[in-house]
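Summary of the model geometry
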Amino acid sequence: MTPPWRLRVDGVDLAVKAQPRAKRPAVGGLSPDGAAIRVAVAEVAEDGRANRAIGQALARALGVAPSAVGLLQGGGSRQKVFRIAGDPAELVPKLEKLIA
């Protein structure tokens, strides 16, 4: 199975399955099809609030600055791609823990 991220020289592109308005915010686990990491946030999907919350949740979970996480694709969709800047050798083990 291929992981839900793609390595880049300056970081990773991470496929995310978003769950806005969740009762319990969480980062981790795979989507049912295994193509994305699940991220649940309490914010509603209005005016980009859920997208910002997902970026902040990913930054906390991966130990990077919020400015290192940016939305690349899927602003209005539950299927999103976030670009995470940093050393891929440091990011991949953290991502592997999130999907374990």
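Preceding block: the structure.
Just so you know, these numbers come straight off a predicted model, no measurement behind them.

Conventions adopted
- Residues numbered from 1 in each chain as written.
- Predicted model: local features only at pLDDT ≥ 70, side-chain atom pairs only at ≥ 80, totals over all residues.
- Heavy atoms only, no water.
- Helix = DSSP H or I, 4+ residues; strand = E, 2+ residues; numbered from the N terminus.
- Buried < 20%, exposed > 50% of the residue type's maximum accessible area, 1.4 Å probe, protein only.
- Lys, Arg positive; Asp, Glu negative; His and termini not counted.
- Salt bridge = Lys/Arg side-chain N within 4 Å of Asp/Glu carboxyl O.
- Polar contact = N/O pair within 3.5 Å; in protein donor to acceptor, adjacent residues only side chain to side chain.
- Contact = heavy atoms within 4.5 Å.
- Expected span 1.5 Å × (residues − 1).
- Arc of directions from axis to C-beta.

Here's the deal with the side chain of Lys80
- As for its placement among the helices and strands, Lys80 is situated in strand 6 (residues 79–85).
- Within the buried set, Lys80 has no salt-bridge partner at all; the shortest N-O distance to an opposite charge, 12 Å, is to Glu43.
- Only 2.6 Å separates the side chain of Lys80 from the backbone oxygen of Ser77, close enough to count as a polar contact.
- Residues in contact with Lys80, not counting those within four places in the same chain, are Leu14, Ala15, Val16, Ala18, Asn51, Ile54, Leu71, Gln73, Gly74 and Gly75.

Topic: helix 2 (residues 88–99)
- With twelve residues, helix 2 ought to run about 16 Å at 1.5 Å a step, and its terminal C-alpha atoms sit 16 Å apart, in line with that.
- Listed as buried for helix 2 are Pro88, Leu91, Val92, Leu95 and Leu98. The buried side chains of helix 2 occupy one side of the element, clustering within an arc of 120° when seen end-on. Every exposed residue of helix 2 that faces more than 90 degrees away from the buried side is listed here: Ala89, Glu90 and Lys97.

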